[in-house]
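Chain residues, written in single-letter form:
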Amino acid sequence: LAAGAACLASPLLALPKLAGASPASMRTLAFRHTHTGEALSLAYAAGGAYLTEALARVDWFLRDFRSGESSAIDPRLLDQLHTLAAITGTRAPYEVISGYRSPATNELLQRRGGGVASRSLHLEGRAIDIRLADVPLDDLRDAALSLRSGGVGFYAQSRFVHLDTGRVRRW
């Protein structure tokens, strides 16, 4: 656990030397978790290949912060975030409110109310709740909707946008 946590706060990972991979083909992301205070910046893909070690770091970073359980995060979700960053022109890390959610946490949040779905895509590592410090929330929502690559929820009161890799829908 300590070794995994230590790598979370590291600066941008050294870009791997992959045959035929140019720095321009690297897909990178930066995150800050609002509940744990952890930060992560890394290259998660090069060209058409996902970087296994980087994906494992993302899986741990986006773990259920309540229980500590982690699960594989859908790489297509990371691609959505990468595209979203390009569209918005952000220079800020994604502020993560929620990534993977364990069944027990999902059930707890349902009991508390607040519109948590019983079959939430957070349970499958296919959803994330985010905001960006340098992009107005409604602009982030509109940019996410323009992707037409999954579900987009807008939670103005709680100040986040939900993004997932499910069917295209909005709420």
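If you're wondering where the values come from, they're calculated on a predicted model, not measured in any experiment.

**Student:** How should the pairing of strand β2 (residues 39-46) be read in this particular structure?
**Tutor:** Here is the key point about a regular strand: its side chains alternate between the two faces of the sheet. Among the eight residues of β2, six are classified as buried, and the element is accordingly described as predominantly covered. With seven bridges joining them, strand β1 (residues 26-33) and β2 adopt antiparallel strand pairing. Each bridged residue has a counterpart across the sheet, and for R27 the counterpart in β2 is A45. Between β1 and β2, which pair antiparallel in sequence order, lie five residues; one of them, G37, sits at a positive phi of approximately 80°.

**Student:** Help me understand the environment of Q110, please; the structure alone is not making it clear to me.
**Tutor:** Turning to its location among the elements, Q110 is positioned in helix α4 (residues 103-112). Not counting residues within four places of it along the chain, the set of residues in contact with Q110 comprises V116, A117 and S118.

**Student:** Looking at this structure, how should I read the confidence of the model for the protein chain?
**Tutor:** Fine structural detail should not be taken from predicted coordinates in areas where pLDDT scores are low. In this model, the protein chain carries a mean pLDDT of 89, and residues with pLDDT of at least 70 account for 87%. In this model, residues 1-17 is a region of pLDDT below 50 whose contacts with residues beyond four sequence positions or in other chains number 26 contacts.

**Student:** Quick question: what am I supposed to make of unusual backbone geometry here?
**Tutor:** For R148, which is not glycine, the phi dihedral falls at a positive 50°. Within the secondary structure layout, R148 lies in the loop between α5 (137-147) and β6 (151-155).

**Student:** Looking at this structure, how should I read the packing of helix α3 (residues 75-88) against α5?
**Tutor:** Relative placement of two packed helices is described by the angle separating their axes and the distance separating the axes. At a minimum axis distance of 10 Å, the contact between α3 and α5 shows a crossing angle of 125°. Here α3 is positioned oblique relative to α5, judged by the angle of their axes. Crossing angle aside, the handedness with which α3 passes α5 is right-handed. Between α3 and α5, the contacting residues are Q80, T83, L84, I87 and T88 on the first element and L140, A143, A144, S146 and L147 on the second. Across the contact of α3 with α5, the residue classes tally to six nonpolar, four polar and no charged.

**Student:** What is the right way to read the pattern of salt bridges from this model?
**Tutor:** Two side chains that carry opposite charge are able to pair once their charged atoms sit near each other. Inspection of every chain in the model, using the stated rule, returns ten salt bridges. Note that R101 is salt-bridged to D129, the shortest N-O span being 3.8 Å. With R101 in the loop between β4 (94-98) and α4 and D129 in strand β5 (residues 127-132), the pair connects residues that are 28 residues apart, well separated along the chain. For R141, the salt bridge is made with D142, and the minimal N-O distance between the two is 2.9 Å.

Conventions and cut-offs
- Residues numbered from 1 in each chain as written.
- Predicted model: local features only at pLDDT ≥ 70, side-chain atom pairs only at ≥ 80, totals over all residues.
- Heavy atoms only, no water.
- Buried < 20%, exposed > 50% of the residue type's maximum accessible area, 1.4 Å probe, protein only.
- Helix = DSSP H or I, 4+ residues; strand = E, 2+ residues; numbered from the N terminus.
- Pairing = 2+ DSSP bridges.
- Contact = heavy atoms within 4.5 Å.
- pLDDT = per-residue confidence, 0-100.
- Axes fitted to C-alpha atoms, helices over the stretch in contact; angles between N-to-C directions.
- Parallel < 35°, antiparallel > 145°, perpendicular 65-115°, else oblique.
- Left-handed = near helix turned anticlockwise from the far one by under 90°.
- Nonpolar A, V, L, I, M, F, W, Y, C, P; charged D, E, K, R; others polar.
- Salt bridge = Lys/Arg side-chain N within 4 Å of Asp/Glu carboxyl O.

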